[in-house]
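Fold and geometry: a report
These are the residues of each chain, in order.
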Amino acid sequence: MNNQAFPFRLTPQTDDEKFMMEALKQAWLAYQKDEVPVGAVLVHKGRVIARGFNQVELLKDATAHAEMICLTAGANALDDWRLLETTLYCTIEPCVMCAGAMLLSRIQALVWGAPDIRHGAHGSWVDLFAEKHPTHSIEVRKGVYQDESAYLMREFFVKKRGSSNES
């Protein structure tokens with residue numbers, strides 16, 4: 001399964017599409033490592049400063065979500081926990097843990113691809129961003145490369161179910 005070619009031929013037309021394509025590449029890395037295929041990139045002033053993909057299985061850590069890894073790398077890149085003037089791109093609607101970390105990190109904007117009906121914190125399960133936060137608010141855009149993001153998730157879980165039935 002390793003080193004398969006990136007499965008999408010995309011021609012980004014906007015900055016959101018350009019950076020979401022980079023997040024999709026991170027999700028593809030997760031897929032190839034048999035991790036739930038979620039990817040994230042953090043952009044500061046038009047430049048990717050951090051990347052992350054799910055590493056829950058690899059690190060045996062339920063908090064090792066793509067967004068969390070990316071936020072930590074971004075804090076290191078900026079040498080500050082305040083990720084002001086940044087936009088986080090992630091392929092799947094973030095969970096409550098990741099949404100909370102985004103608020104605490106003070107990112108400016110979030111762009112996500114496909115909804116997560118089981119854990120999504122932007123309305124699919126709950127909506128943390130709808131509540132007025134006492135210290136920070138985040139601009140949220142959704143649905144960028146939604147089909148591609150959902151495709152990776154579907155293919156991953158079809159493959160997982162198939163391999164668990166082969167014994």
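Before going into details, it helps to say that this report is about the structure given with it. Each chain has its residues counted from 1, following the order in which its sequence is written. Where totals are concerned, whole chains, interfaces and linings use all residues; where local detail is concerned, this predicted model gives features only for residues with pLDDT of at least 70, and gives and counts side-chain atom pairs only at 80 or more. The side-chain quantities take in all heavy atoms of the structure and omit both hydrogens and water.

1. Observations regarding the pairing of strand β1 (residues 39-44)
Here the term buried applies to any residue with accessible area under 20% of the maximum for its type, exposed to any over 50%, and partly exposed to those in between, with areas from a 1.4 Å probe on protein chains only. Note on conventions: DSSP H or I runs of at least 4 residues are helices, E runs of at least 2 residues are strands, and numbering of each starts at the N terminus. Across the six residues that make up β1, a large majority, six, are buried. Alternating positions in β1 separate into two faces, Gly 39, Val 41 and Val 43 on one and Ala 40, Leu 42 and His 44 on the other, with burial throughout. In this scheme, strands are said to pair when DSSP sees at least two bridges between them. Where β1 lies against strand β2 (residues 47-53), six bridges are found, and the strand directions are antiparallel. For Leu 42, the partnering residue across the bridge sits in β2 and is Ala 50. Count of turn residues in the β1/β2 antiparallel hairpin: two residues, of which Lys 45 carries a positive phi of about 50°. As paired strands, β1 and strand β3 (residues 86-92) are joined by five bridges and run antiparallel to one another. Its bridge partner being in β3, His 44 is matched across the sheet by Thr 86.

2. A look at the pairing of β3
Here β3 lies mainly inside the structure; seven of its seven residues are buried. Here five bridges tie β3 to strand β4 (residues 109-114), and the two strands are oriented parallel to one another. By the bridge assignment, Leu 88 is partnered in β4 with Leu 110. Assessed by its sense of winding, the connection that carries the chain from β3 through helix α4 (residues 96-105) to β4 is right-handed. Viewed with both strands pointing away, a crossover whose connecting path from the first strand over the helix to the second turns clockwise is right-handed.

3. A closer look at the nonpolar core
We define the nonpolar core as a collection of buried residues of types Ala, Val, Leu, Ile, Met, Phe, Trp, Tyr and Cys that are connected through side-chain atoms lying within 4.5 Å of one another. Of all hydrophobic cores here, the largest spans 26 residues; its most connected members are Leu 42, Leu 71, Leu 88, Met 102, Ile 107, Leu 110 and Ile 138. Contributions of two or more residues to this core are made by β1, β2, α3 (66-78), β3, α4 and β4. Core analysis: the second largest hydrophobic core is formed by 19 residues, Leu 10, Trp 28, Val 41 and Leu 152 among them.

4. A few points about helix α1 (residues 15-32)
Here the expected length of a helix is defined as 1.5 Å per residue gap, with one fewer gap than residues. With 18 residues, α1 should reach 26 Å at 1.5 Å per residue; the first-to-last C-alpha distance of 26 Å fits that figure. The buried fraction of α1 is high, at 13 of 18 residues. Looking at the residues trailing α1, positive phi occurs at Asp 34, about 60°.

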